[in-house]
Structure formats: C-alpha cells, structure tokens
Amino acid sequence: MNASATTALVGEAPRGGSVLSFYAAQGSPRPPQVDFARGLYLWDKSGKRYLDATSGAVVVNIGHGNARVLEAMRAQAQRVTFAYPRFFESEHNVLLSDRICALAGEGFDRAFFVSGGSEANEAAIKLARQYAVVTGQAQRTKIVSRNPSYHGSTLGALAVTGDTSTHKLYGPMVTDQPKVAAPLSYRLPAGQTQEDFELACVRELERTIEAANPESVLAFILEPIGGLSTGAVVSSAGYFRAVREICSRHGVLLIFDEIMCGAGRTGKFLSAHHWAGASPDLVTLAKGLAAGYTPLGALLAPNRIVDAIAGSGGFVHGHTYFTNPLSCAVANAVLDEVVDHNLMDRAAVLGEYLRGKLKEVARRSPLVGDVRGTGLLQAIELVGDKTTKAQLPVRVNAPARLTHHGLAHGIALYNRRANQGEFGDFQMVAPPLTATESEIDELVHLLELALEELHRELYAQGLVA
C-alpha cells in the first residue's frame, strides 16, 4: 500500500498525496477513501456504506456500477480509445449526435462533444462569437448573464458567472460582462410577489441590453432551472417567454446552460422543453449526459449557426479529447439506459414524491426554510429563522457542516457554496434517476438525522432557537 493511502491528514505525505492538498490546509482531516459503488450507494475502505443523495456532483443519473455501461466501455476500449475527429470519424460519435439531436428536437441540429460543462460553455461562447463575426456582426462582444449564477471554472465561463467572491480573485484577468438579477423565489423584495420580481428581472434584462447598445450584445446565458448558485430555482413560463422575446427583438442569442438540469433529470430531456415558446438558440449539456462514467459535455446548435461557421472556414475551436470514441460509446450506453428504462418519466414521478417528503422535513425542521426544484433536481434552503427567513451567519458555512454530519450518518451530500453564501445556503437533493421510493424514504430519513445534528451544533453556539 502506498504511503498516501495510509495517512489520515492532508499534507502528511511529503510528496504526491491527496488532491485535497490544493484545497485544505496541511493537517486537515481527509475524507473517507471510497472503495466501490453500486446503485445509489458507495462504500469506503472500512466497509461503511453511504447513500449518494446528490448523484455525486449531480452527475450519476443512472446510478453507480451499471453493467451495461461498463460492458460498453470495455468493448469500445478493445476496439479503439482515441482517434482525432479531424482525421477519423467515430461510429459512436455520429450515433450519439443523431440521438441527442433527435431527443432535443427542432432547432438543435448539430452536437459538438467536449469533456465537461466548463468546456461546453466555452464552446457556446466561442460559437456565438464566431457566428456574429461571419455574419457581419463583429461588434457583438458582450454576454449578459445573471447574478447569482455559475457557468464553469475556465476563464471564459468565469467571465459570465455571477459570483462576486470569485471575481475578486480572477476578475482582473477577464473582461467583465453585464449581469442582471436572477429571479430568486424565496427572499423577495418588499411588497413583491414572485411574479412581480420575475417581471422586474425581465425589465432589467431589457434595460441592460439597451444601456450596453443592443448591437454590441452577443448573447444572454442562464441556467433554466437553477443549480448550486440558486438552489434549484424554477421560474415561470412567462419569464422565459419574455426573455425569448427580448433576445429575439434585439438579435441576441439565448443560451441555456443545462449542464446540471439537462439530460433527463427534470423529467424531460431538456429543461427547455418545459416551456413552449421559449426555445433557446444554443444549449449546453454535461454531467448526466455520461452519468459520471466518462468526462463528457455537449453543445447543441442549429444548422443556421453551424453552417454559417463551417462555410466560412470552420469553427476556430477544439480540444485534444473532444468527440473521442470511448466517451461517445459510453454516453450511448448511458442513453440506452435512460431511454429503455423510461428514466425521464421516472424522474418526473419520483421528483414529486421526493418533493413531498422534503416538504414534510421542512415542516419538522427549524432549519429548512424552503423546498424547490423540478423532477429529481430538488433543493432545500437552510435558514436561521423560518419566520423572518433570516440566513445563518456566513461564517458557519451551513452546507459544509451539513455535509460533515451527513457523512457521519451514511449520506453523501454534495455542496459548492456560491457567492460565499451571499444569496443563501442551499443543499441540493438530487439522487440518481434509478432511485426507488424506498431508497428516497431512506435518503430523507438520513438527511433529517444530519439536519438534527446540525441544529444541535448551531443551538449549542446560540445561533438558533
């Protein structure tokens, strides 16, 4: 056994060691070491079992250890693992593109495959920009996005991410892009309903485009159903139709970042399918698309954009591993599971069941102020006072503490705190689409135990009643 595997604290190994050496101070405790996983569960080296309540980082849509996908991985690896797509076509690339475009529907004619969500959003930004240039609109350079929001960790994706704490660090290295308010639904401005606030957000979008000079604005990018930055916020059909109308009127491309909410998790292949008359121009996917079995992301685009760029000399963008045959074969097998087992319909039905159970927890727990989401992309909001909706002190980092207590009780809860908690503390609840009702019952029970532990901790510090 190597030395790193036997050390209990970050940084104890003099060289190599855990990747947490980049994230945690030397001497910090290390998390349990995973041994294997099946279905909704992971086991550590000691044999302790953990229920994966968030599908890892909202990734493992079909559960762990799927035999069909593992066999597809083995079969493709025996044939060919890598062939550069400018030199060789891949059977599985073509097939995956055909299938995804068919599921995405009208207006999504071509698929460009990359290795993850940040890369997919970078590709969308560059495709939009190159389309503007080749169609005589080179003055369009600005991309409007929402605050809060998260679109990836690369510099281009960071520029359109609404996170002031991250921008303080990396902002001087990028061109800052215009931001508008995200239509959050829990803490509303005084005297406003959710409908009022959505309308205010729409009006702000139009004012921002007009103030920037509409002919300089390239695109508006948003997560149609929120991820960790907003805690699964869902807006009305009216909001999305108004956004679509404004973008169309000003010649602004509308980009839906469906990295987390796409690929069937919300009960439809694209979250865009929930709202008629609000279809985006570009969509990005990742996470559940290959369900954690291989790194994969995708950009979906219409012929009118792709053909214009291809006809002008081709897309000035690419990566070493984009469209690699192994990842495409794995994603095809994942898609087989999603389609053959009706997992999108299952996500819709089980999402309602999970939401009902989480609302029961909210009624019992003094820490859960709100439950929201669609399908199996749900979230709870942690608060210090449910009556006033007061947030817990930022220094507490309540989601991280909940994760700590969760692991002790055998439940894995992924969180990534956006804006250092400025807009609230959210905990995603997003199990694999293969979950059963009994497994959801177990998930909710373990989550409630973790919440009770967190409440005891906060009560002892005099932070909650």
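Refer to the structure above for everything that follows.
None of these values were measured; they are calculated from a predicted model.

Would you explain the side chain of Ser 55 in this entry?
Looking at the secondary structure, you find Ser 55 in helix α2 (residues 55-58). Among the polar contacts listed, one links the side chain of Ser 55 to the backbone oxygen of Ala 430, at a separation of 2.6 Å. With residues near it in sequence (within four places) discarded, Ser 55 still touches Val 60, Arg 265, Ala 430, Pro 431 and Pro 432.

What am I meant to see in the nonpolar core here?
Most often, soluble globular proteins keep nonpolar side chains buried together rather than apart. Ranked by size, the top nonpolar core spans 96 residues in total, and within it Ile 100, Phe 220, Val 243, Leu 285 and Leu 447 carry the most contacts. At nine residues, the largest contribution of residues to this core is made by helix α14 (residues 437-460). One finds Phe 112, Ala 123, Ile 125 and Ile 305 within the second-largest nonpolar core, a separate group that totals 26 residues.

Before we go on, may I ask you to explain helix α8 (residues 194-212) in this structure?
The α-helix advances 3.6 residues per turn, and as a result positions three or four apart in sequence lie on the same side. Relative to the 27 Å expected for 19 residues at 1.5 Å per residue, α8 spans 27 Å between its end C-alpha atoms, a close match to the ideal helical length. In this structure, the buried side of α8 is in contact with β5 (142-147), β6 (179-181), β7 (217-222) and α9 (237-250). Asn 213, located one to two residues past α8, shows a positive phi value of around 80 degrees.

Just to check I follow, could you spell out the environment of Leu 382 for this structure?
One can find Leu 382 in strand β12 (residues 377-382). Beyond its immediate chain neighbours, meaning those up to four positions away, Leu 382 contacts Leu 367, Leu 392, Ala 398, Pro 399, Leu 402, Asp 425, Leu 451 and Leu 454.

Would you mind going over α9 with me for this structure?
Taking 1.5 Å per residue as the helical rise, α9 with its 14 residues ought to reach 20 Å, and the 20 Å between its terminal C-alpha atoms agrees with that figure. All of the buried residues in α9 are Tyr 239, Phe 240, Val 243, Arg 244, Ile 246, Cys 247 and His 250. One face of α9 carries all of its buried residues, which in axial projection span an arc of 165 degrees. Of the surrounding elements, those touching the buried residues of α9 are β5, α8, β7 and β8 (253-258). One or two residues past the end of α9 sits Gly 251, with phi positive at roughly 70 degrees.

Which parts of the structure should I look at to understand the sheet that holds β6?
Through backbone hydrogen bonds, the strands of a sheet pair up, either in parallel or in antiparallel fashion. Taken in spatial order, the seven strands line up as β4-β10-β9-β8-β7-β5-β6 in an open sheet, and their pairing is mixed. Edge positions in the open sheet fall to β4 (110-114) and β6, since each of these has one partner strand only. The sheet shows a mean angle of 25 degrees between the axes of neighbouring strands, taken without regard to direction. Looking at chain direction, β5 and β6 are connected through three bridges and run parallel. Each bridged residue has a counterpart across the sheet, and for Arg 146 the counterpart in β6 is Val 180.

Teacher, can you tell me more about the packing of α8 against α9 here?
Helix-helix packing: each pair is described by the crossing angle between the helix axes and the interaxial distance. Across the interface, α8 lies against α9 with an axial gap of 10 Å and an inter-helix angle of 10 degrees. The angle between the axes of α8 and α9 places the two elements in the roughly parallel class. Judged by the twist between their axes, the crossing of α8 over α9 is right-handed. Note on element contacts: α9 touches α8 through Tyr 239, Ala 242, Val 243, Ile 246, Arg 249 and His 250, opposite Glu 198, Cys 201, Val 202, Leu 205, Glu 206, Ile 209 and Glu 210.

Sorry, what's going on with the packing of aromatic side chains here?
Given two aromatic rings, their pairing is described by the distance between the two centres and the angle made by the two planes. Taken as a whole and assessed by the stated rule, the structure comprises 10 aromatic pairs. Measuring from centroid to centroid gives 5.9 Å for Phe 82 and Tyr 321, while their planes differ by 80 degrees, and the two rings are edge-to-face. In this pair, Phe 82 is assigned in the loop between α3 (67-79) and α4 (91-104) and Tyr 321 in the loop between α10 (303-311) and α11 (325-340), connecting sequence segments 239 residues apart. Residue classification places Phe 82 among the partly exposed positions, given a relative accessible area of 37%. A relative accessible area of 53% places Tyr 321 in the exposed class. Judged by centre distance (5.5 Å) and plane angle (55 degrees), the rings of Tyr 84 and Phe 87 are tilted. Looking at Tyr 84, the relative accessible area reads 28%, which means it is partly exposed. Cluster of aromatic residues (ring-pair linked, three or more members): Tyr 84, Phe 87, Phe 112, Phe 315 and Phe 322. The cationic tip of Arg 49 hangs over the ring face of Tyr 41; the distance from NZ or CZ to the ring centre is 3.9 Å. Directly above the aromatic system of Tyr 186 lies the positively charged group of Lys 389, at a separation of 4.7 Å from the ring centroid.

Can you walk me through a nonpolar patch on the surface in this structure?
Together, Leu 155, Leu 169, Tyr 170 and Met 173 line one region of the surface with nonpolar side chains, adding up to about 420 Å² of accessible area. Mapped onto the secondary structure, Leu 155 falls in helix α6 (residues 155-159). Among the residues examined, Leu 155 registers a relative accessible area of 38% and is labelled partly exposed.

Please explain the pattern of salt bridges as it appears in this structure.
Proximity of charged atoms lets side chains of opposite charge pair with each other. Scanning all chains against the criterion turns up 19 salt bridges. Close ionic contact of Asp 336 with Arg 99 constitutes a salt bridge, the shortest N to O distance being 2.8 Å. Placement of the pair is Asp 336 in helix α11 and Arg 99 in helix α4, with a sequence separation of 237 residues. Owing to a relative accessible area of 23%, Asp 336 belongs among the partly exposed residues under this scheme.

Each value, and the rule that gives it
- Numbering of residues starts from 1 in every chain and runs along the sequence as written.
- Totals for whole chains, interfaces and linings use every residue, but because this is a predicted model, local features are given only for residues with pLDDT of at least 70 and side-chain atom pairs only at 80 or more, for both listing and counting.
- As a rule here, side-chain values cover all heavy atoms of the structure and leave hydrogens and water aside.
- Think of it this way: any DSSP run of H or I at least four residues long counts as a helix, any run of E at least two long counts as a strand, and we number them from the N terminus.
- For this analysis, a polar contact is any N or O atom pair within 3.5 Å, provided that within protein one partner can donate a hydrogen and the other can accept it, and provided that sequence-adjacent residues contribute only side-chain to side-chain pairs.
- Note on contacts: a residue pair is in contact if any heavy atoms of the two residues lie within 4.5 Å.
- Residues belong to one nonpolar core when they are buried, are Ala, Val, Leu, Ile, Met, Phe, Trp, Tyr or Cys, and are joined through side-chain atoms within 4.5 Å.
- Exposure classes here rest on a 1.4 Å probe applied to the protein chains alone. A residue is buried below 20% of its type maximum, exposed above 50%, and partly exposed in between.
- Take the residue count of a helix, subtract one, and multiply by 1.5 Å to get its expected span.
- What the arc measures is the spread of directions leading from the helix axis to the C-beta atoms.
- Here, strands pair whenever DSSP counts at least two bridges between them.
- Here, axes are lines fitted to C-alpha atoms. For helices the fit covers the stretch in contact, and angles between N-to-C directions go from 0 to 180 degrees.
- Comment on the angle field: the value is read as roughly parallel under 35 degrees, roughly antiparallel over 145, roughly perpendicular from 65 to 115, and oblique elsewhere.
- Note on convention: near helix rotated counterclockwise from far helix by under a right angle means a left-handed crossing. Clockwise means right-handed.
- Note on aromatic contacts: the rings of Phe and Tyr and the six-membered ring of Trp form a pair at centre separations within 6.5 Å, being stacked when their planes are under 30 degrees apart, edge-to-face when over 60 apart, and tilted otherwise.
- As a reminder, the over-ring test applies to NZ of lysine and CZ of arginine, requiring each to be within 6 Å of the ring centre and within 35 degrees of the ring normal.
- Residues qualify for a patch when their relative accessible area is over 30% and they have no salt bridge, like charges being joined within 9 Å and the nonpolar side chains of Val, Leu, Ile, Met, Phe, Trp and Tyr within 5 Å.
- Areas reported as accessible are Shrake-Rupley estimates using a 1.4 Å probe. Residue values count occlusion only from the protein chains shown.
- Definition used for salt bridges: Asp or Glu carboxyl oxygen within 4 Å of a side-chain nitrogen of Lys or Arg.

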